[in-house]
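Residue-level structure breakdown
Spelled out, the chains give:
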Amino acid sequence: MKKSIVPVVDLDKLSTDVSTWAASPEGQEAIRIAIKDSLDVAELFRESRTVDQKRLHEPVTL
Amino acid sequence: MSKVHEDPPFEIYRFSKDTFKELLVRKSIAAPRDVSNKPLVVYLWEYLDKLHTKTILVENNYIDRDYLEDFAGYYVRCFKYYEKVCCRLHFFCNEFNDIEFDSLISHGNFPLTPGLLQYSYLGFLVVKRLPKKFIGRTCLKTYPSEGRRDYPITRENNVNLFGIPLSISSLAFQEQDRVASACATSALWSVFQKTSNLFNHQILSPVEITKVATTHLPITNRVFPNKGLSIYQMAQAIQAVNLEPVEVDVKPQKKPYFEYLIKGNLYAYLHGGVPLIMTFNLFDSSSPSTFVNDLHAVAVTGFSVDNTVVPADDKGFRSRAYRLNKIYVHDDQVGPFARMVFDGNKVTLPDGDVVDSLSTSWFNQDQKGKRRAVPNIVLIPLYHKMRITYDIVYPEIYNFDKFIKTVIISGHEKLTQEFEWDIYVTTVNHLKNNISELGLIYGDLRKNVLLKSMPRFIWRATAYFDGKPLLDIIFDATDIEHGVFLHCIVEYDIFVSNVLKQISRVDALARQFEGTPGWAIIEWFRAQPL
């Protein structure tokens, strides 16, 4: 493998930091917003596949 | 005696605008004014001029398979006599004359060679001996890439010119004749040229496409002369060649996320070599402006990317698809590889909505400026085993990216920089070829990936940073939507992988993403040894 973009880090410290942050109020709020954004996008993409049947009968005539 | 038998087998001319138009008049039965005033003829001349065309070789008495089907299906039953034989114009970017070409035919060599002809070959155009709608099967070379243009929807078209084998990488185009086909049929015909090559199905002629489209869903008007199809009927034609039509609603007024939705879908399939049909309404900005209610259909054949922009959506998700700034389409009333630009300009619809639109090459009615396109539905013809579509894969990656970003938010911004995702459908052969060529992994890691059994059709999401691939997330495109369709992950950067494995193990974070799209990817990293 080639040289990494990530500097050498203490993975145990990373784990502790992320765990502490995720449990904190600001972490909880950030995660809630991230998941909500994702679910909104998933819903938008799902909707894009449910085309109104009437529109499928519109003439393509130009 | 017909005109056909009077023509010599070939004629050679130096390329010029007047010669090109004169040949079209002579070889069709169109009136000179119908040729001169035809926007398609002007477009083709300009296109050929930009390809630096120097010579036109006319192959008289050419039998074109697609026209022959249309001829048998319609023209032969007219009282008036129409010829079944066409004429084919070949274009070259070097200069040669009758004597040199004759020498090549007679002696097989010198000074012109088959290799030289192939080197300078720019493609061909079939002229049907019809009035007004005479441009038949046309295969022209694409413009050079220049690091931004990509034409994945092309195929090798083999040509035999009096025993000289020539080949041109292109996608066939032809104008609608308003008899066997309107725009819908022409777009389907172009798309089938590529899908037949990709998914091994029969190629239907325009008259055959119109027939299969209207077999089960008849139109109240007569089928021939054909005035057009509905999207439903176009989908029917796709099913007739054993492909599955996937419809995606990209109407901008309904979708605040329009730009990302349409660019993502177009890029994901085009980059994987799958052609699409885009339907749209035209907005004429003449005074007074008009919104054309009837739809137009084009075959999308390529795209251009802007490498200077930050390709992020309004929530910060970066995707290579968002670099897409132009698409190239076979528009049967404009020409092959016609440009449509995502230039950010909006139009006001009759109901007052202000929506996104694309530029087109259609002139406004007052001939001042060009009409705008307001996208409607994108139709994607997929192999029946390709069941997982872009709308299912995208949220998986989007949510996983959000998961990664929590590390940045938590203060470790140096750990996971902003990844740029490249999401597209592909095949196992392309993936393995590409991994071999990339040369990023060696030894057991490389061997495991190359020897791994994978489905034929896959979705590939590559995370890049600064142009360097970090990991490939591979989804099984043949799986079921509600299953775990993540197939495997190929890691190119051990430290990035270690960070992802570590944060995936943090229950306080990871468990909150359980059950959301992308959870399978997090689970995969959790299960890997550190």
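Residues numbered from 1 in each chain as written. Chains lettered and ligands numbered in written order. Predicted model: local features only at pLDDT ≥ 70, side-chain atom pairs only at ≥ 80, totals over all residues. Heavy atoms only, no water.

Things to note about the interface of chain B and chain A
- Tallying the contact residues gives 71 residues for chain B and 42 residues for chain A.
- Roughly 5,300 Å² is buried in total at the junction of chain B and chain A, and carbon and sulfur atoms are behind 68% of that figure.
- Note that Lys315 of chain B and Asp37 of chain A form a salt bridge whose closest N and O atoms lie 3.6 Å from each other.
- Scanning the region where chain B abuts chain A turns up 19 residue pairs in polar contact (both at pLDDT 80 or more).
- Here the element with the most residues in the side of chain B that touches chain A is helix H11 (residues 390–409) of chain B; it accounts for 10 residues.
- Taken together, the residues of the side of chain B that touches chain A break down into 40 nonpolar, 17 polar and 14 charged.
- The sheet contact formed by strand E1 (residues 59–60) of chain A and strand E9 (residues 229–230) of chain B spans two bridges and is antiparallel. Within the sheet, the bridge partner assigned to Val60 of chain A lies in E9 of chain B and is Leu229 of chain B. (Contact = heavy atoms within 4.5 Å. Buried area = accessible area lost by both parts, 1.4 Å probe. Salt bridge = Lys/Arg side-chain N within 4 Å of Asp/Glu carboxyl O. Polar contact = N/O pair within 3.5 Å; in protein donor to acceptor, adjacent residues only side chain to side chain. Helix = DSSP H or I, 4+ residues; strand = E, 2+ residues; numbered from the N terminus. Nonpolar A, V, L, I, M, F, W, Y, C, P; charged D, E, K, R; others polar. Pairing = 2+ DSSP bridges.)

Some remarks on the sheet that holds strand E23 (residues 486–491) of chain B
Residue and element names in this part refer to chain B.
- Taken in spatial order, the four strands line up as E20-E21-E22-E23 in an open sheet, and their pairing is antiparallel. The strands lining the two open edges of the sheet, one partner per strand, are strand E20 (420–427) and E23. For this sheet, the mean angle separating the axes of adjacent strands, direction not counted, is 20 degrees.
- Relative to E23, strand E22 (residues 468–476) is paired through five bridges, and the arrangement is antiparallel. Bridge assignment links Leu471 to a residue of E23, and that residue is Glu491.
- Running at roughly 45 degrees to E20, helix H10 (residues 258–270) makes contact with E20 and strand E21 (457–465) of the sheet.
- The strands that H11 touches are E20, E21 and E22; relative to E20, the one it contacts most, it runs at about 150 degrees. (Axes fitted to C-alpha atoms, helices over the stretch in contact; angles between N-to-C directions.)

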